[in-house]
Every structure is written in C-alpha cells, then in structure tokens.
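# Summary of the model geometry
Now for the letters of each chain:
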Amino acid sequence: MIDLYYWTTPNGHKAAIMLEELQLEYNIHTINISEGEQFSKVFSLISPNQRIPAIVDNSPINSTKSIKIFESGAILQYLAEKTGKLIGSTIEDKYKVIQWLTWQVAGLGPMAGQNHHFSHYASEEIPYAIKRYQNETSRLYSVMDHQLSSNEYLAGNFYSIADIACFPWVRIHEYQKQDISKFKHLERWLLAVSERPATIKALEIAKKINTKPTVNEKASSFLFNQNKITTKQQSNKAKSNYHDQIV
Ligand SMILES: N[C@@H](CCC(=O)N[C@@H](CS)C(=O)NCC(=O)O)C(=O)O
C-alpha cells in the first residue's frame, strides 16, 4: 500500500494521476497547504521541503523498510521504475522520458508557478514580472508544441511520466494567460491526456477533496511570506496512522 500526501494542485495531480494509471492501491492523506498543514512536524519528516506531493511506499521492491519520497519528479520516476511502466522500454526511450520530466520540473513548473504568482497573487502589480513569466510560459508551450508536431507524446510515440508531469500545468492554460488555440499540437495532446480514464478519475477525486479556492487571504499571508523552513507546528492534521513508521 502506498500513502500519498496530497493537495489538489498541479504537482499533487501528477502523483494522483500516476497512481491511477498504474492502478496501485493507495491512501490519500490530505495536506491542506492553505491551512499550513505542510508545516507539520510529521509531514516535514516525509517532505523536508514542506511541499506536496510526497509518498510513503510501505511495500517497496527488494526491501522490508518503507520508503519515503518527496518531489513530484522523483515520485513519478520511482513509481515508473517500481512497475516498469510509463518510462520507455529501451535505454534511449527512458532517457527521452527523463529529459522531458527534468524539463518539466526544472522549467515549466517553476516558470508557470511564477506566472501564477505574479499574474494572480502578488500583493503589488509588477508589469515587468507579469510579462516576463507569461512570455516564458508561452515559450515553453511552444517548445512542447514543436515536439508534439512530430511525436504523439512528449517523449515519442508512447505515453509516459513526462506527459503526466506536464499535463496538470497545461490544463490550466487560461490561468496562465495562454491562448491554447495558438498551439495546435499541444491542444491535441491536452485533449488526449485529459480523456484518459486515469486522468479523469484523479481529477474527480480532487474535486471531491477541495471544493473551495486554494488561496484565500489567510493562506497568502503564509504561502507567500516564507523565508526559511517553518518549524512551528501549524496543524496536527498530517499526523496519520503511519506516524509510527515514519518517526
Ligand atoms: N518541486 C516540487 C514543487 C512542489 C510544490 O511547490 N508544491 C506546492 C503545491 S503545487 C506546495 O506544496 N506549496 C506549499 C507552500 O508553498 O507552502 C515538486 O515538483 O514536487
């Protein structure tokens, strides 16, 4: 059984979609980042960066000890390697997947994240920053669009964790002030990924968990005001049945 520490954000969706694709059994432990649950002591032991998602695999291959993993890219790669799925079947394909996965976690995620911040949450409007991150998001969309003009999926003609990593960040294109109709191949890919049963299921679960907007005034006061690791235990909610195994 796998424990998924999750909230309904793009990085959270990646892990949930992957678990649904693989049809692995998992328990969801919600970490409401708008309520500061990411700062709890117990969650910080699993995810020292105090960010979701994270997993604990209680039955890893070749080990009797459970394994904790944080960082969405590492989670996707771990689960792909555990099952031998969605990572390509040759070394060449595997590294095509890893390249696009790395591109997402090091590029699209952080840049689109800053786009969200300056376009929607910043306490003052900074036109230079808004333009900078919206332009960079457009450029990254065009990189995917170009790749998808000659490949069905990002790493080639097979679905992989690279697609799972990028999808949650592209499905909110309007929020990123992007006109998806300008990226025809990306639009075709977006529709194909959004119609996969695992994607539909993971997003349905998300809707049941969080029906409210993620960022309210209280949430912004700590989400956008962190300059060091938070040690204060703001919530006990993340104390789970797995407490004994992870402390
Ligand atoms: N590089 C990390 C980023 C994780 C991340 O930023 N998660 C956000 C939600 S999408 C979070 O937990 N935010 C809580 C906070 O900012 O305090 C990953 O890919 O897992």
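All figures in this text were calculated on a predicted structure; none of them were measured in a lab.

### A look at the UniProt feature "domain: GST N-terminal" (unreviewed entry) in the protein chain
Feature annotation in UniProt places "domain: GST N-terminal" (unreviewed entry) on residues 1-87, given in this structure's numbering. Along residues 1-87 one finds 36% helix and 21% strand; the C-alpha atoms at either end are 21 Å apart.

### Re the environment of Leu 203
Structurally, Leu 203 is set in helix 8 (residues 197-209). Relative accessible area serves as the criterion here: at 16%, Leu 203 is assigned to the buried category. The spatial distance from the C-alpha of Leu 203 to the C-alpha of Lys 184 is 24 Å, given a sequence separation of 19 residues. In contact with Leu 203, not counting residues within four places along its chain, are His 13, Phe 167 and Arg 171.

### Looking at the site of the ligand
Around the ligand, the neighbouring residues are Thr 9, Asn 11, Ile 33, Gln 38, Arg 51, Ile 52, Pro 53, Glu 71, Ser 72, Leu 223 and Gln 226. Here an oxygen atom of the ligand sits 2.6 Å away from a polar atom, N or O, in the side chain of Ser 72. Gln 226 places a side-chain nitrogen or oxygen 3.0 Å from an oxygen atom of the ligand. Taking 520 Å² as the accessible area of the ligand by itself, protein coverage stands at 81%. When atoms are counted within 2 Å of each cavity's grid points, the one that captures over half of the ligand is the largest pocket. Within the shell around the ligand, the residues separate by chemical class into 4 nonpolar, 5 polar and 2 charged.

### Focus: helix 5 (residues 127-149)
Compared with the 33 Å implied by 1.5 Å per residue over 23 residues, the 32 Å span of helix 5 between its first and last C-alpha is a close match. Residues of helix 5 that are buried sit in contact with helix 4 (91-121), helix 6 (161-170) and helix 7 (184-194).

### Side note on the domain arrangement of the protein chain
Segmenting the protein chain into domains produces domain 1 (2-85 + 199-246) and domain 2 (91-196). One C-alpha centre belongs to domain 1, the other to domain 2; they are set 22 Å apart. On the side of domain 2, 20 residues touch domain 1, which itself brings 18 residues to the contact. For the pairing of domain 1 and domain 2, the buried interface totals around 1,600 Å² over both sides, and the portion due to carbon and sulfur atoms is 70%. The interface formed by domain 1 and domain 2 contains 7 residue pairs in polar contact (both at pLDDT 80 or more). At the level of secondary structure, the elements contributing two or more residues to the side of domain 1 that touches domain 2 comprise helix 1 (10-22), helix 3 (72-83) and helix 8. If you tally residues by element for the side of domain 1 that touches domain 2, the top one is helix 1, at 7 residues.

Parameters at a glance
As a convention, each chain's residues are numbered from 1 in the sequence order in which they are written. Only residues with pLDDT of at least 70 are given local features in this predicted model, and only at 80 or more are side-chain atom pairs given and counted; all residues enter the totals for whole chains, interfaces and linings. Just so you know, side-chain values use all the structure's heavy atoms and leave hydrogens and water out. UniProt positions are given in the numbering used here, feature names are shortened, and annotations may be inferred rather than shown by experiment. By the criteria applied, helices consist of DSSP H or I runs no shorter than four residues and strands consist of E runs no shorter than two, each listed in order from the N terminus. Three labels apply to residues, based on accessible area from a 1.4 Å probe with only protein chains included: buried if under 20% of the type maximum, exposed if over 50%, partly exposed otherwise in between. Contacts were defined at the residue level, with two residues in contact if any of their heavy atoms lie within 4.5 Å. Note on terminology: near, applied to a residue and a molecule or strand, indicates that one of the residue's heavy atoms is within 4 Å of it. Definition of a polar contact: a pair of N or O atoms within 3.5 Å, with one able to donate and the other able to accept a hydrogen when the atoms are protein atoms, and with sequence-neighbouring residues admitted only if both atoms are side-chain atoms. Note on areas: Shrake-Rupley with a 1.4 Å probe; residue coverage comes only from the protein chains shown. Put simply, the grid is 1 Å and covers the protein atoms alone, a cavity is a trapped set of points that fit a 1.4 Å probe, a pocket is an open set with protein on both sides within 12 Å along at least five of seven lines, and lining residues have an atom within 4 Å of a point. Being in a pocket or cavity means that more than half of the molecule's atoms lie within 2 Å of its grid points. Residue polarity is assigned by list, with Asp, Glu, Lys and Arg as charged and Ala, Val, Leu, Ile, Met, Phe, Trp, Tyr, Cys and Pro as nonpolar; anything else, Gly included, falls into the polar class. Here the expected length of a helix is defined as 1.5 Å per residue gap, with one fewer gap than residues. Domain segmentation is taken from an automatic or database assignment of domains. Using a 1.4 Å probe, buried area is obtained as the accessible area two parts lose upon being combined, added over both of them.

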